[in-house]
Amino acid sequence: MDARAASRSGRGQSPFSALTAEKTLHTTSKATPLQYTSHPPGAPRRTSNGYTCWQSISSPDGVGLASIANCAEFGRAPLFDLVFLGTAAAVPSAERGLPAVLVARGPSRFLIDCGEGTQRQLMRAGLGFRGLAHVLPHLDHVLGLAGLLATFALYRVEGTMEIVGSEETLGFVRRYLADTIGPESDGGYRLRAISPGPVLVRQGWRLDAFAVAHRGTESLGYRFQDEPRHPLLSERLDALGVPAGPERALLAQGRSVVLADGRDIVPEMVHGAPVAGAALAIVGDTEEIAGLVEPVRGADALVIEATFLERDAALARARGHLTAADAARLARDAEIGELLLTHISGRYSPEEILTEAARHFANVRVVADFGRMSVRARGDVVSS
Ligand SMILES: [Zn+2]
């Protein structure tokens, strides 16, 4: 019996088992300031910007991390979902796996880094494997790839995994996978070398890579960016008598509607000024922040390493890593919305790391394995 059949029969704990809200809600030490969080499928939630959303996180077949196709009342899905699968630095611990974070935008899922043991973290998170088409590993965060691909083959997960990275990273990955899983031609994966610049352009959003300095390697960081959009003005909608439901969804998509009383409503009558789209920046290992200010500028969330504390700054320099204070100064200088610190060394407590970072940038948290959050634009609010 394969895994999906086992799941349908309800036998055992399958990686394709359905998620529950209880399983998926994990909090870190700070209260979330983000406007969206996961909540039970079908349960409407009114967010602080006035939207009602239904963010289904049920995924019986493992296809969707967070099906947000029907999330926003106005028929749009302007957010990126994050699941932290591994938040340790060089060595795992009982609480922290080796680096990996899953990013989802609608049905598109990306694994940023794939440290050893990532496949089991995916199972423990209840995420399943399907739809995981893109992996973007940093050079020394790739050792989970062989096991993940082996399991894909055993479970007969459809599709080819695209592994994206610099030429240098892929050179190592090519040798490593050829000796374990097999060559690219029949290993269920495809290697795609990229340079700083566009990686993927999709309707309404894009993914770009930027150069990251780390011990002379060809390392990359990533920026997920929504296009700007025109929010609907709820007061004008109410004043014009546009009912909640499909009419508002169509107007949000830029289409005109005819109300029951025959009046035509065109989008320009209810659209507000354009607002920036959500932006999420993710930086793996790095040793300096000056070159990162512009690539990550204005991001609503920045995920970045904080391997050392200032008292070990010399060690941080020697090993090509940041201190928590470095990461926080970058967040401050680049006007980040929220700073999410990861790549956590066992030599410090999360509280120490948080305290050091918070001296320079207030909206910061140290993330934990299986922590989840959604990132949306700070300016994305409905007002008249
Ligand atoms: Zn690392």
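Residues numbered from 1 in each chain as written. Predicted model: local features only at pLDDT ≥ 70, side-chain atom pairs only at ≥ 80, totals over all residues.

Caption draft 1: The overall build of the chain, seen in detail. Tallying secondary structure elements over the chain gives 11 helices and 18 strands in all. Contacts spanning at least 24 positions in sequence make up 64% of the contacts within the chain whose residues lie at least 6 apart. (Helix = DSSP H or I, 4+ residues; strand = E, 2+ residues; numbered from the N terminus. Contact = placed C-beta atoms within 7 Å.)

Caption draft 2: Structural context of the sheet that holds strand 15 (residues 301–305). An order of 9-10-11-14-15-16-17 is seen for the seven strands of this open sheet, with the pairing classed as mixed. Both outer strands of the open sheet, strand 9 (197–202) and strand 17 (364–366), are each paired with one neighbouring strand and no more. Averaged over all pairs of adjacent strands, the angle between strand axes in this sheet comes to 15°, irrespective of strand direction. Examined bridge by bridge, strand 9 and strand 10 (residues 205–212) share five bridges and lie antiparallel to one another. (Pairing = 2+ DSSP bridges. Axes fitted to C-alpha atoms, helices over the stretch in contact; angles between N-to-C directions.)

Caption draft 3: Geometry of the nonpolar core. One finds Val101, Leu280, Leu302, Ala327, Leu339, Leu341 and Ala357 to be the most contacted residues of the largest nonpolar core, which totals 92 residues. If we ignore the near neighbours within four places in the chain, the residues touching Leu302 are Ala281, Val296, Ala331, Ile336, Leu339 and Leu340. (Core = buried A, V, L, I, M, F, W, Y, C linked by C-beta atoms within 7 Å. Buried ≥ 20, exposed ≤ 12 C-beta atoms within 10 Å, placed from the backbone.)

Caption draft 4: Broad picture of helix 11 (residues 350–358). Inspection of helix 11 places Ile353, Leu354, Glu356 and Ala357 among the buried residues, and these make up the whole buried set. Looking straight down helix 11, one finds that the buried residues subtend no more than 165° of arc, so they occupy a single side. Tucked into the core, helix 11 has its buried residues touching helix 10 (324–333), strand 16 (338–342) and strand 17. (Arc of directions from axis to C-beta.)

Caption draft 5: Local environment of the environment of Ala178. Here Ala178 lies in helix 5 (residues 167–178). Using a count of 12 C-beta atoms within 10 Å as the deciding quantity, one classes Ala178 as exposed. Each C-alpha atom, one on Ala178 and one on Ala146, is 9.5 Å from the other, the two residues being 32 residues apart in sequence.

Caption draft 6: Region of interest: the pairing of strand 10. Connecting strand 9 to the antiparallel partner strand 10 that follows it, the hairpin turn spans two residues, and Gly204 within it adopts a positive phi of roughly 90°. Examined bridge by bridge, strand 10 and strand 11 (residues 219–226) share eight bridges and lie antiparallel to one another. Residue Asp208 lies in a different strand from strand 11, and its bridge partner there is Arg223.

Caption draft 7: The confidence of the model for the chain, seen in detail. On average, the chain scores 79 in pLDDT, and the residues at 70 or more come to 78%. Low confidence marks residues 1–77, where pLDDT is under 50. Its contacts with residues over four positions away, or in another chain, come to 148 contacts. (pLDDT = per-residue confidence, 0-100.)

Caption draft 8: Structural context of the sheet that holds strand 3 (residues 79–86). Overall, mixed pairing links the seven strands, which are arranged 8-7-6-5-4-3-18 in an open sheet. Looking along the sheet, the strands with just one partner apiece sit at the ends: strand 8 (189–193) and strand 18 (372–376). Each adjacent strand pair in this sheet contributes to an overall mean axis angle of 25°, direction not counted. Across five bridges, the pairing between strand 7 (residues 161–165) and strand 8 is parallel. Note that in strand 8 the partner of Val164 across the bridge is Arg192. Together, strand 7 and strand 8 form the strand contacts of helix 5, whose direction differs from that of strand 8 by roughly 160°.

Caption draft 9: How the structure looks around the packing of helix 10 against helix 11. Close contact between helix 10 and helix 11 brings their axes to 8 Å; oriented N to C, the two are set at 40°. One finds that helix 10 runs oblique with respect to helix 11. Helix 11 is crossed by helix 10, and the crossing has right-handed handedness. Taking contact as the criterion, the partners of Ala324, Ala325, Ala327 and Ala328 in helix 10 are, on helix 11, Ile353, Glu356 and Ala357. Class assignment of the residues belonging to the contact of helix 10 with helix 11 gives a composition of six nonpolar, no polar and one charged. (Parallel < 35°, antiparallel > 145°, perpendicular 65-115°, else oblique. Left-handed = near helix turned anticlockwise from the far one by under 90°. Nonpolar A, V, L, I, M, F, W, Y, C, P; charged D, E, K, R; others polar.)

Caption draft 10: How the structure looks around the environment of His138. Topologically, His138 is positioned in the loop between strand 6 (132–136) and helix 4 (145–154). Taking the C-alpha atoms as reference, His138 lies 9.3 Å from Val283; in sequence the two are 145 residues apart. When near neighbours in sequence (up to four residues on either side) are disregarded, His138 contacts Asp113, Ser219, Gly284 and Asp285.

Caption draft 11: Quick look at unusual backbone geometry. If you check the backbone angles, Arg156 has positive phi at about 55° while not being a glycine. Topologically, Arg156 is positioned in the loop between helix 4 and strand 7. Even without glycine at this site, Arg215 takes up a positive phi of about 55°. You can see Arg215 is positioned in the loop between strand 10 and strand 11.

Caption draft 12: How the structure looks around the environment of Gly216. Within the secondary structure layout, Gly216 lies in the loop between strand 10 and strand 11. Judged by local crowding, Gly216 falls into the exposed class, with 9 C-beta atoms found within 10 Å. Note: C-alpha distance between Gly216 and Gly320 (104 residues apart in sequence) is 9.2 Å.

Caption draft 13: Spotlight on helix 4. The complete set of buried residues in helix 4 reads Leu145, Ala146, Leu148, Leu149 and Phe152. Each buried residue of helix 4 lies within a common arc of 165° when the element is viewed along its axis, so the set occupies one face. Against helix 3 (118–124), strand 6, strand 7, helix 5 and strand 8 lie the buried residues of helix 4. A positive backbone phi angle near 55° is found at Arg156, which sits one or two residues after helix 4.

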